[in-house]
Each structure stands twice: as C-alpha cells, then as structure tokens.
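# Residue-level structural notes
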Amino acid sequence: MDARIYKGYIDILNEELLPAMGCTEPISLAYAAALARQVLGRLPESVEISVSGNILKNVKSVIVPNTGGLKGVCAAAAAGIAAGKADKKLQVLSEVTEDDFVKIKQYLDSASFKVTHAQNGCVFDIGVKVSNGDDNAFVRIEGYHTNVVEITKNGESILHNSRTYIGDGKLTDRSILNVRDIVEFADTVNINDIEEIISRQIEYNTAIAEEGLKNDYGANLGKVLLSAFGDGVHNRAKATAAAGSDARMNGCSLPVVIVSGSGNQGMTASLPVVVYAKHLNASREKTIRAVALSDLITVHLKTGIGRLSAYCGAVSAGAGAGAAVSYLYGGGYEDIAHTIVNALAIDSGLICDGAKSSCAAKIASAVDAGLTGMEMYRRGNQFYGGDGILESGVENTIENVGDLARIGMRETDEEIIRLMIKNI
C-alpha cells in the first residue's frame, strides 16, 4: 500500500476516534463556555451564546451529562462554566461530581443568559461571550467540535485563525479515502499501529451499551428490540448499538469513542461489528481490522455530507458496520462495495432532527440496512446503478449521496431547524 495513504489512514483514525462524554454538540458548547470562563479568569455574570441552527437542533432535546438531568443550550454552557475543565475538551464535564449539580443549577438560575441563532452560513458555529463587570472574553468554535478559531479578552485577540485545530494541527485530507484502499488497509495494516485506539473504542462503547441494556434510559429501544424480536445475532447487533444511544442521549456519564464527531456514529460503526465478531468466533486481530474498516468507511461516507446536516449520520455508520460484517465473513472489495451500495439504497432518506432518545431507533434502522445490504449480496442479490440515486461504481454512489445530503437536503435542514426552534 502507498506509504502516504497508509500514514494518512492512521492519522485519520487518530483524529476521529476521540473519547467524549455526552452528545458532542452540547459538550462542544460546554467546552467553549469553559474555555471562555478560563480566559476571563473569574465566574461570569452574563453569558451570550450564538449558535448555528444545527447546533440548536442537536442541543435542544438531549440531556447534558453530569448535570442532574438538565437539557438545552443554557444548561450546557452553565455546566461548562460552573464545573467544567476546558483542558479536557470533549470530556469537559467528566470530572463533575454530584455536589457540582447544585452549583450548576444555581449558576444557571442566577446568571444572565442570552441565546441567538447565528445565520452566517456556517453549519457548525458556536460563539460564547462571558462578562463580569468591565471584563469580557469570547470563544468561537467553527467547523467541528474542538476547532477553536477565535479567542479574545476585552476585545484583544488571543487567537484568530480559521485553520487552527488547537493541540493537534490541521486535519488530514479526507479525499484520500476510497473503498478499495480502505479494504487493502484493513487487510495489511500493522496491527500494532491501530490496536490501542481501536481497543479503546471497543472497550468504551461496549461498556455504555451494557449500561443501556441494564438500566432505564430514554425509550429503552435496546431492551425493546431484544424483548420483541429475540436474541438472534442480527437483532442483538441492532439492540446493542441502540442501547448505547439510549444511555448516551439520556444523561449517562460513561464516555464513548466518537467517529465523524459523533458518539452515535462511533457506536454504530463498532458495536454491531463486535457482536458479529463474537458470534463468528473471530480472532481479536480480525475484529480490530474489521472495526477499523467500519470506522474508515463511515468517515469516507460522511466526508461528502459534512459533520452536520439533515441527513442522519447513523446511515453512514450502519453502512460501515454492514461492510465490516461482510469482511468478518471473508468478504473482499466486491462484497464490501456492494454491501455499501445496497445499504445506501435502503436508508438514505433518514433525516436528522437533532439529538434525542429516538436516535436509538434510527441507529437500529441504519444497522438493519447495513446488515440487510450485506446479506443480500451474500445471497447473490443487489441493487444496480440507475436504481434511484445509485450509480455504477461504489464511489459514484457515495458521491451522489454526499450531493443529496449536502446540497439537496439544505432546504430540508432549514425547515427541520425552523420546526424545532420556533418555540424556543
């Protein structure tokens, strides 16, 4: 394999597979608020928050972890300011204790909060201005969850660089991703180059799925699936991924390892693969290779769509999971490419209307599409180029889906946001 592409794929995995606690949009907001408070140097009396519509829709209905059940933009910012640790980034609330719950609620009730809808054309935009007396500080995150592009104090610039990714440098060019090279990478990668980071993903995401199956979270989709449809491997793969989302969307403080900026996608890409690997008695090494393949397929599919859109990101991760299960069954490039196309033909109309309990059901649907697409091709059946948005060649279909989500669903996204925030 070309050395440049090999290194790029390793770098992409290291950039994508980050631990995060809670839904990543409210956590990104909490991180921005904690960083603004740190720059200010004292507890703010007033907080002004400006966020894009996609941030609003993903923060509105999900419980912010380690807050005692609080939801919403102001709650996420208050948690970051009152009890967060900015140096923890996407684990900014990981050290909050139950004693801090009261502190967060008291701060939320006593400080002045103002929220505005930023409409500057940037899909991912968070701005937090905090003030105390004559002093103020401002932090802006743009593009993705830890991409701090602006910091000021009392109007003086500390950082202003839209290409800065604090702590990690510029992200690797995702255009090097393609299905054929991803399969070759999974086959040939030195396992020592990915074992630690993939093992962490498996460990963290399995733990939160087990928590979701054990306790009462949201609509309990994972438990419902097992109770209604049994313990077969296909259903268990769906239920396990859904249970992780049950817990994560409803305040569980366990961390997950994310993919494409999303914990739900990180769980969808990994947990069904782990379930099937156990069912097939796959080796640890084969399991790690399969999960890495799923992660990279997910990132590849999401690259043309964007971090946030009206298109449910679980669809991409479900296709990645189906591709990885095909790999576990011994499938090569052709099997994996056809699995992806079949999966995209089934579920590409699934919308994203924000982070919330029903994400677990959408994850189950996306996993089902991926597994159905895989089983279709194993049995000699497939969808063909010219069927709807499908085009001959997996990369052409992936490009079409990206255009559909990024361009075609732009007005859909605006209408979803309008419906969700009209009463805020």
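Residues numbered from 1 in each chain as written. Predicted model: local features only at pLDDT ≥ 70, side-chain atom pairs only at ≥ 80, totals over all residues. Heavy atoms only, no water.

## Details of unusual backbone geometry
The line we're drawing: Think of it this way: any DSSP run of H or I at least four residues long counts as a helix, any run of E at least two long counts as a strand, and we number them from the N terminus. Burial classes follow relative accessibility: with a 1.4 Å probe on protein chains only, a residue under 20% of its type's maximum area counts as buried, one over 50% as exposed, and anything between as partly exposed.
The backbone phi angle of Asn66 is positive, close to 60°, even though this residue is not glycine. Locating Asn66 in the fold gives a position in the loop between α3 (53-59) and α4 (73-83). Judged by relative accessible area, which is 12%, Asn66 ranks as buried.

## Description of the sheet that holds strand β3 (residues 112-118)
Pairing between the strands of a sheet comes from backbone hydrogen bonds, and it takes one of two forms, parallel or antiparallel. Worth spelling out the cut-off: A pair of strands counts as paired when DSSP detects no fewer than two bridges linking them. Axes here mean lines fitted to C-alpha atoms, for a helix over just the part in contact, with angles spanning 0 to 180 degrees between N-to-C directions.
Pairing is mixed across the open sheet formed by six strands, whose spatial order is β3-β2-β4-β5-β6-β7. If you trace the sheet from one side to the other, it starts and ends with β3 and β7 (156-160), each paired once. Here the average twist between neighbouring strands, direction ignored, is 10°. Sheet analysis places strand β5 (residues 135-142) next to strand β6 (residues 148-153), joined by five bridges and oriented antiparallel. Across the sheet, residue Phe138 finds its bridge partner in β6, namely Thr152.

## So, empty space enclosed by the protein
Our working definition: Cavity and pocket criteria rest on a 1 Å grid covering protein atoms alone: a 1.4 Å probe that fits but cannot get out defines a cavity, protein on both sides within 12 Å along at least 5 of 7 lines defines an open pocket, and an atom within 4 Å of a point defines a lining residue. Grid points are joined across faces, edges and corners, and a volume is the space filled by probe spheres set on the points. Under the convention adopted here, Pro, Cys and the residues Ala, Val, Leu, Ile, Met, Phe, Trp and Tyr are nonpolar, Asp, Glu, Lys and Arg are charged, and Gly plus all remaining residues are polar.
Summed over the entire model, instances satisfying the criterion amount to two cavities of 30 Å³ or more. Empty space within the largest cavity amounts to approximately 310 Å³. Lining the largest cavity are 28 residues; nearest its centre among them are Asn58, Ser262, Gln265, Gly313 and Cys352. Those elements that place two or more of their residues in the lining of the largest cavity are α2 (24-40), α10 (263-279) and α14 (359-378). Along the lines of polarity and charge, the residues of the lining of the largest cavity split into 10 nonpolar, 12 polar and six charged.

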